[in-house]
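Next come the chains, spelled out residue by residue.
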Amino acid sequence: MSMESSLRLATTTLWKREMVRFFRQRNRITGSLMNPIVFWLLFGWGLSGSFQGAAVAGRTIGSMEYLFPGTIAMIILFTSIFSNFSLIEDRKEGFLQGVLVSPAPRLAIVLGKVLGGASVAILEALLFLSLPFALGLLTEGAFRLTGWEFLHSLTPLADARVGFWTFLLLLPILVVFSVGLTAMGFRLAWGMDSTAGFHAVMMGFLLPMWLLSGAFFPVDKVPAVMRWLMRANPMTYGVDALRQALQLHEVGLVTGLFGLILPSILTVIFAVAMVWASIRVTTKRSEGSLA
Amino acid sequence: MTDASTAPATPPQAGAAQVATAPAPTPATAPAVETAGLTHRYGERVALAALDLAVQCGEIFGLLGPNGGGKTTLFRVLSTLMAPTGGTARVLGLDVGKDARAIRSRIGVVFQTPSLDKKLKVIENLRYAGHLYGLAGADLDRRIQELLERFRLADRASDLVEKLSGGLQRRVDLARGLLHGPELVLMDEPTTGLDPGARIDLWEHLRALRAGGKMTLLVTTHLMEDAEKCDRLGILDQGKLVGLGAPEALKGQIGGDVITVGTAAPEQLRDRIRERFGGEPAVVDGKVRIERPGGARFIPELLEAFSGEISTVMLGKPTLEDVFTHLTGHRFRTEDEAA
């Protein structure tokens, strides 16, 4: 069997395994989708009074809307964390060692896991995007945000702004951002043999990274040190790309044409770098503990 | 994978060699496993000290040793999980450092903890594992069916692995390791966590495998009971091969019987027994241990000579544990006391 077909077969089967596992473990949906939603609703409503809305083009962006792209980022991040928890479990419980001694290319281990995790993340993000519509309880802005306003235009709250195109623009960004965050989780989780260690990484590194991504508060209204931290944070650009695609460029990092292109390019670079780092770490044969 | 006819005529180049070329065909007489001066260090600690070992094709070879003796390290090196820090190891005639990928497709590896996804069904586990070995379609289905029947798992095929008992999981894992028809199967402590019935059952399967063809089995164990069932044994202690041979031959090295004497002052008694009867009595674990033929006739003499000092006397045929003690001068520790 050629290298390519063995890579394809192994990647597909490892991806499929991720999907089967996901649909068999309902609690993962709670963890990675419901938690961010609750978070969004509580903070969005809670801050709605104190949030200084940005008035642009005759419209005020409220806290719910501001937090919306960041919530998508949080869903992706949490899904990445969950799927990489299972990487650690695979190592601890033995599944991974069986994969490592098989002739399957190491690349397939990375691709299967990262594409599997990213697929779940995209699926959940899409569920989240459809939520305001399904609930029918949110405002005009929320409809517009979700990219479903082409359906919403059937209602009396019709808004002329594009919906379907928003959605099309959003999808590639979701894919790239999901791949990047899942691969980052993979790189961090590889080599760890306890989920407790990954919990520490999650609380000490991943959550602060999310907080400093512009998901929660804008980059330009913070002290200088923090601003540089935020600008150095690759997640900032993923969140910004989502925000731009959702036509919230009024509160984006850069306005104009570059507003979408620049963060998108940086998000692609981030994803490529993370996948590369993951491939590199898996091809190194260990001299100490189990590879 | 590939055979010699598809191998390129040009000599393999570095980098591409591992992927594109077929390894040279192995002569039928080459050992299944061969190590020369194999050494592995974890920092300062030497786990394998210049090990020379050959496992012949078609045998069940046991690596017997206490935990921490080096057998897990050797297992990892042979299963291509870890590159050794010195010496060479060849598996099926291929170098573990250079030809890892070619080796992987020809060996089956069964770990101490089953390499199964417990959230998946038995059949899913086998199918996915088959895919990792490049098997697919009807061919894979046929092999899976064969193995399910051979291991009497056919009626459990659509059960989740987590619902199976330890013994059944082990059988599924063994089936997983055999899917691609490996020439050599490496098994790390295969009977760990199994009840006596499941142990006997597993050994029946292993012997059937060996009988079936030219398959070679290499089994690590710290259990004498398992070691007894191997064709040949290599005894590992502190990273060194201290004994090699069939279990019966190893036990034959000990002259006749083993007598163990309990006493309050073992060193003194040992010296006095040596003065009086000669031989090489030794103190092991606070007891005096004597190896000699005709133990039953010797004990009355011993008791007569030192009646006041002896509290207990035990007579036994030599076991592998005695062999280990004989070879290393210390007791076989099942706990990793060195760590």
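Trainee: Before we move on, can you summarise the overall build of chain A with the specific residues and values?
Mentor: Within chain A, the secondary structure is distributed over 12 helices and two strands. In chain A, the order of α-helices and β-strands from amino to carboxyl end is α-α-β-β-α-α-α-α-α-α-α-α-α-α. With 291 residues in all, chain A has 53% of them scored as buried. Contacts in chain A between residues at least 24 apart in sequence constitute 72% of all its contacts with a sequence separation of at least 6. Total accessible area on chain A is roughly 12,400 Å²; 71% of this is exposed by carbon and sulfur atoms.

Trainee: For the overall build of chain B, give the residues involved together with the corresponding values.
Mentor: Within chain B, the secondary structure is distributed over 12 helices and 14 strands. When the 339 residues of chain B are sorted by exposure, 49% land in the buried category. Expressed as a percentage of contacts within chain B between residues at least 6 apart in sequence, the contacts between residues at least 24 apart total 70%. Accessible area for chain B stands at about 15,000 Å²; split by element, carbon and sulfur atoms hold 51% of it.

Trainee: Outline the nonpolar core, listing residues and values.
Mentor: Judged by nonpolar contacts, the single largest core of 96 residues is most densely connected at Ile72(A), Leu74(B), Leu184(B) and Leu218(B). Here Leu218(B) is in contact with Val33(B), Val55(B), Phe61(B), Leu63(B), Leu78(B), Leu184(B), Val185(B), Leu186(B) and Met187(B), once residues within four sequence places are set aside. In this structure, Val122(B), Leu164(B), Leu179(B) and Val323(B) belong to the second largest nonpolar core, which totals 47 residues.

Trainee: So what's going on with the environment of Ile107(B)? Residues and values would help.
Mentor: Looking at the element boundaries, Ile107(B) is found in strand 6 (residues 107-110). Ignoring sequence-local partners within four residues, the contact set of Ile107(B) consists of Leu78(B), Ser79(B), Val91(B), Leu92(B), Tyr133(B), His180(B), Pro182(B), Leu184(B) and Leu186(B).

Trainee: Tell me about the packing of helix 1 (residues 3-24) of chain A against helix 3 (residues 63-93) of chain A, residues and numbers included.
Mentor: Residue and element names in this part refer to chain A. Relative orientation of the contacting elements helix 1 and helix 3 amounts to 105°, with a least axis distance of 12 Å. Comparing the axis directions of helix 1 and helix 3 gives the class roughly perpendicular. Residues Arg-17, Glu-18 and Arg-21 of helix 1 touch helix 3, and the partners they reach there are Ser-83, Ser-86, Glu-89 and Asp-90. Class assignment for the residues of the contact of helix 1 with helix 3 results in no nonpolar, two polar and five charged.

Trainee: How would you explain the packing of aromatic side chains if you had to name every residue and give the values?
Mentor: Per the stated rule, a full pass over the model turns up 16 aromatic pairs over all chains. Arranged with centres 5.4 Å apart and planes meeting at 75°, the rings of Phe39(A) and Trp210(A) form a pair that is edge-to-face. Note that Phe39(A) is positioned in helix 2 (residues 26-47) and Trp210(A) in helix 9 (residues 195-211), a separation of 171 residues in sequence. Of the residues examined, Trp210(A) reaches a relative accessible area of 3% and is grouped as buried. The interplanar angle of 65° and the centroid separation of 6.4 Å between the aromatic rings of Phe216(A) and Phe217(A) together place this pair among those described as edge-to-face. Over the ring of Phe298(B) we find Arg292(B), and its NZ or CZ is 4.0 Å from the ring centre.

Trainee: Would you mind going over the pairing of strand 3 (residues 60-64) of chain B in detail, with residue names and values included?
Mentor: Residue and element names in this part refer to chain B. Burial within strand 3 is extensive, with five of its five residues counted as buried. Residues Ile-60, Gly-62 and Leu-64 of strand 3 are buried on one face, and the alternating residues Phe-61 and Leu-63, pointing to the opposite face, are buried as well. Where strand 3 meets strand 8 (residues 216-221), five bridges bridge the pair, whose relative direction is parallel. Its bridge partner lying in strand 8, Ile-60 is registered against Leu-217.

Trainee: Talk me through the confidence of the model for chain A; I want residue IDs and the actual numbers.
Mentor: Residue and element names in this part refer to chain A. Residue-level pLDDT values for chain A average 81, and 78% of them are 70 or greater. Counted against residues more than four places away or in other chains, residues 149-162, with its pLDDT under 50, gives 22 contacts. The low-confidence segment residues 287-291, where pLDDT is below 50, has 17 contacts with residues more than four positions distant or belonging to other chains.

Trainee: Any details on helix 1 of chain A? Residues and values, ideally.
Mentor: Taking 1.5 Å of rise per residue, 22 residues should cover 32 Å, and helix 1 of chain A covers 32 Å from first to last C-alpha, within 8% of that figure. Three or more residues of helix 1 of chain A are buried, namely Ser6(A), Leu9(A), Ala10(A), Thr11(A), Thr13(A), Leu14(A), Arg17(A), Glu18(A), Met19(A), Val20(A), Arg21(A) and Phe22(A).

Trainee: Now, about the sheet that holds strand 4 (residues 86-91) of chain B: what can you tell me, with residues and values included?
Mentor: Residues and elements named next belong to chain B. Across the sheet, which stays open at both edges, the four strands sit in the order 2-1-4-5 with antiparallel pairing between neighbours. Since the sheet does not close on itself, it has two edges, and those belong to strand 2 (45-55) and strand 5 (94-95), each with one partner. Note: strand 1 (residues 33-42) against strand 4, five bridges, orientation antiparallel. Considered in strand 4, the bridge of Val-33 is made with Val-91. Sheet strands touched by helix 2 (residues 71-78): strand 1, strand 2 and strand 4. Its angle to strand 1, the strand with the most contacts, is close to 115°.

Trainee: Describe in detail the sheet that holds strand 13 (residues 287-292) of chain B, supporting the description with residues and values.
Mentor: All names here are of chain B. Ordered by their spatial adjacency, four strands build an open sheet running 12-13-11-14, and the pairing between neighbours is antiparallel. Of all the strands in the sheet, the pair left with one neighbour each is strand 12 (282-284) and strand 14 (310-316). Going across the sheet, the axis of each strand differs from the next one's by a mean of 30°, ignoring polarity. Across the sheet, helix 10 (residues 266-277) touches strand 11 (257-263), strand 12, strand 13 and strand 14, and the angle it forms with strand 13 is around 25°. Here helix 11 (residues 295-306) sits on the sheet and contacts strand 11, strand 13 and strand 14; the angle it forms with strand 14, its principal contact strand, is near 170°.

Trainee: Describe the packing of helix 1 of chain A against helix 4 (residues 122-132) of chain B, with residues and values.
Mentor: Between helix 1 of chain A and helix 4 of chain B, the shortest axis-to-axis distance is 8 Å and the interhelical angle comes to 155°. Our classification of the angle between helix 1 of chain A and helix 4 of chain B gives roughly antiparallel. Packed against helix 1 of chain A, whose contacting residues are Leu9(A), Ala10(A), Thr13(A), Leu14(A), Lys16(A), Arg17(A), Val20(A) and Arg24(A), the element helix 4 of chain B presents Glu124(B), Tyr128(B), His131(B) and Leu132(B) at the interface. For the contact of helix 1 of chain A with helix 4 of chain B, the per-class residue count stands at six nonpolar, two polar and four charged.

Trainee: Go over the pattern of salt bridges, please, and point to the residues and values.
Mentor: Side-chain pairs of opposite charge can arise where the charged atoms are in close proximity. Under the definition given, this model contains 29 salt bridges over all chains. Between Arg272(B) and Glu309(B) there is a salt bridge, with the nearest N and O atoms lying 2.6 Å from each other. Of this pair, Arg272(B) sits in helix 10 while Glu309(B) sits in the loop between helix 11 and strand 14, and the two are 37 residues apart along the sequence. Overall, the relative accessible area of 35% leaves Arg272(B) in the partly exposed class. Its salt-bridge partner being Arg289(B), residue Asp322(B) comes within 3.5 Å of it at the nearest N-O pair. Here the residue Asp322(B) occupies a position in helix 12 (residues 320-328), and Arg289(B) occupies one in strand 13, the gap between them amounting to 33 residues. Here the two residues Asp322(B) and Arg289(B) agree in accessibility, since each one is buried. Because the salt bridges share partners, they merge into one network encompassing Arg17(A), Glu18(A), Arg21(A), Glu89(A), Asp90(A), Lys113(A) and Asp117(B).

Trainee: Got a sec to walk through unusual backbone geometry? Specific residues and values, please.
Mentor: With a phi angle near 70°, Thr80(B) is a residue other than glycine that sits in the positive phi range. Among the structural elements, Thr80(B) can be located in the loop between helix 2 and strand 4.

Reading guide: rules and limits
- Residues numbered from 1 in each chain as written.
- Chains lettered and ligands numbered in written order.
- Predicted model: local features only at pLDDT ≥ 70, side-chain atom pairs only at ≥ 80, totals over all residues.
- Heavy atoms only, no water.
- Helix = DSSP H or I, 4+ residues; strand = E, 2+ residues; numbered from the N terminus.
- Buried < 20%, exposed > 50% of the residue type's maximum accessible area, 1.4 Å probe, protein only.
- Contact = heavy atoms within 4.5 Å.
- Areas by Shrake-Rupley, 256 points an atom, 1.4 Å probe, with all protein chains shown as cover.
- Core = buried A, V, L, I, M, F, W, Y, C linked by side-chain atoms within 4.5 Å.
- Axes fitted to C-alpha atoms, helices over the stretch in contact; angles between N-to-C directions.
- Parallel < 35°, antiparallel > 145°, perpendicular 65-115°, else oblique.
- Nonpolar A, V, L, I, M, F, W, Y, C, P; charged D, E, K, R; others polar.
- Phe/Tyr/Trp six-rings, centres within 6.5 Å; stacked < 30°, edge-to-face > 60°.
- Lys NZ or Arg CZ within 6 Å of the ring centre and 35° of its normal.
- Pairing = 2+ DSSP bridges.
- pLDDT = per-residue confidence, 0-100.
- Expected span 1.5 Å × (residues − 1).
- Salt bridge = Lys/Arg side-chain N within 4 Å of Asp/Glu carboxyl O.

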